[in-house]
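Topology and contacts: notes
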Amino acid sequence: MKKILRIMVLSVAGIFLLKASAFATILSYGDIYKNWPGQVVTHGADQDENGTPMITGADVEVSGDAANPGQLKSITIHMSNRRVWDSLFISTGGPWDSWDYIVYDSDNGNNSSHDKYDKQAPAADGLYFVSSGYSYEYVDHPYGRTGHANGINADHLSLFSSSFEPVWDSFAGTLTYDFSNMNINLDADFAVGYTPWCANDVFVTPVPEPATMLLLGIGMLGIACVNRRQFFRRI
């Protein structure tokens, strides 16, 4: 009887573990930058918001955790007063701005209004691959942050999905991109960026500073040395 009870307990525990592993993780980030790191801006550089929209942060949903994100499930940008014709940038790993994907959305199925200001924008909304060696588009009109990147030159893009469309909830103030069927895998050093056509407020996930990366490397080296010393002591 005790043996049967033990098997039942272990079975129930296994089911809970399987269910827990199936749950996604939400990684939340605040709006910590006025501009993208290293970005040169000639208008509105000293303000976090230069008019609208007002971005407060973002949630990135992954199948794993922060150390091993696994597949990208969704990205939700939190903001008020959304300005359409916007861009979402995704780097699956490596340098923060080694963008692998970009999503264009004009909220009306084409980029006619977006293209009014950005002549190198793609001809249609959707999810695009970004080629290496890409070049940015930049804000170049009086109502935005002139000189700030707001897209990627269409010559460096290839279409992944023309039907991809984020969902804007004006009541909740959320712009949600669903990647659950896209099979996009992320490394621990992935990055996400977002900007409207005017770049009047922008978002990018935390970018490691060079000093931080150096300290991390020293720390990992120290751990390796300690483990090596303990290994040889046991021999």
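Before going into details, it helps to say that this report is about the structure given with it.

Cut-offs and rules
- Residues numbered from 1 in each chain as written.
- Predicted model: local features only at pLDDT ≥ 70, side-chain atom pairs only at ≥ 80, totals over all residues.
- Heavy atoms only, no water.
- Core = buried A, V, L, I, M, F, W, Y, C linked by side-chain atoms within 4.5 Å.
- Buried < 20%, exposed > 50% of the residue type's maximum accessible area, 1.4 Å probe, protein only.
- Helix = DSSP H or I, 4+ residues; strand = E, 2+ residues; numbered from the N terminus.
- Contact = heavy atoms within 4.5 Å.
- Polar contact = N/O pair within 3.5 Å; in protein donor to acceptor, adjacent residues only side chain to side chain.
- Salt bridge = Lys/Arg side-chain N within 4 Å of Asp/Glu carboxyl O.
- Phe/Tyr/Trp six-rings, centres within 6.5 Å; stacked < 30°, edge-to-face > 60°.

Quick look at the nonpolar core now. Core analysis: the biggest nonpolar cluster contains 25 residues, and I75, I77, L88, Y177, F179 and Y194 have the highest contact counts within it. For this core, the secondary structure elements donating two or more residues are β2 (54-62), β3 (70-80), β4 (86-91), β5 (101-105), β11 (174-178) and β13 (191-196). If we ignore the near neighbours within four places in the chain, the residues touching Y177 are K73, S74, I75, I77, D86, L88, V103, F164, P166 and Y194. Grouped together as the second largest cluster of nonpolar side chains are 20 residues, W96, Y128, V139 and I152 included.

Turning next to the side chain of N35. Residue placement: N35 occurs in the loop between β1 (25-30) and β2. Among the polar contacts listed, one links the side chain of N35 to the side chain of R145, at a separation of 2.5 Å. Not counting chain neighbours up to four residues away, the residues in contact with N35 comprise V41, A45, R145, H148 and V202.

The subject of this paragraph is the environment of D59. Examined against the element boundaries, D59 turns out to sit in strand β2. Through-space distance from the C-alpha of D59 to that of I26 is 6.2 Å; in sequence the pair is 33 residues apart. The contact partners of D59, leaving out residues within four places of it in the chain, are I26, L27, S28, S74, I75, T76 and H78. Of note is the side chain of D59, whose polar atom sits 2.7 Å from the side chain of S28.

In this section: the pattern of salt bridges. Enumeration according to the criterion identifies three salt bridges in this entry. Across the pair R82 and D105 runs a salt bridge, and its minimum N-O distance is 2.5 Å. One end of the pair, R82, is in the loop between β3 and β4; the other, D105, is in strand β5, and 23 residues separate them in sequence. Members of the salt-bridge network, linked through shared partners, are R82, D86, D105 and D107.

Quick look at the side chain of S74 now. One can find S74 in strand β3. A distance of 2.7 Å separates a polar atom in the side chain of S74 from a polar atom in the side chain of E61. Apart from residues no more than four positions distant in its own chain, S74 is found in contact with D59, V60, E61, Y177, D178 and F179.

Once that is clear, we can look at the packing of aromatic side chains. Per the stated rule, a full pass over the model turns up 17 aromatic pairs. Each ring, one from F89 and one from W99, has its centre 5.3 Å from the other, and the planes form 45°; the classification is tilted. With a gap of ten residues between them, F89 in strand β4 and W99 in the loop between β4 and β5 connect regions that are remote in the sequence. As far as burial versus exposure is concerned, F89 and W99 are alike and both buried. Members of the aromatic cluster, connected to one another through ring pairs, are W36, F89, W96, W99, Y134, Y136 and Y138.

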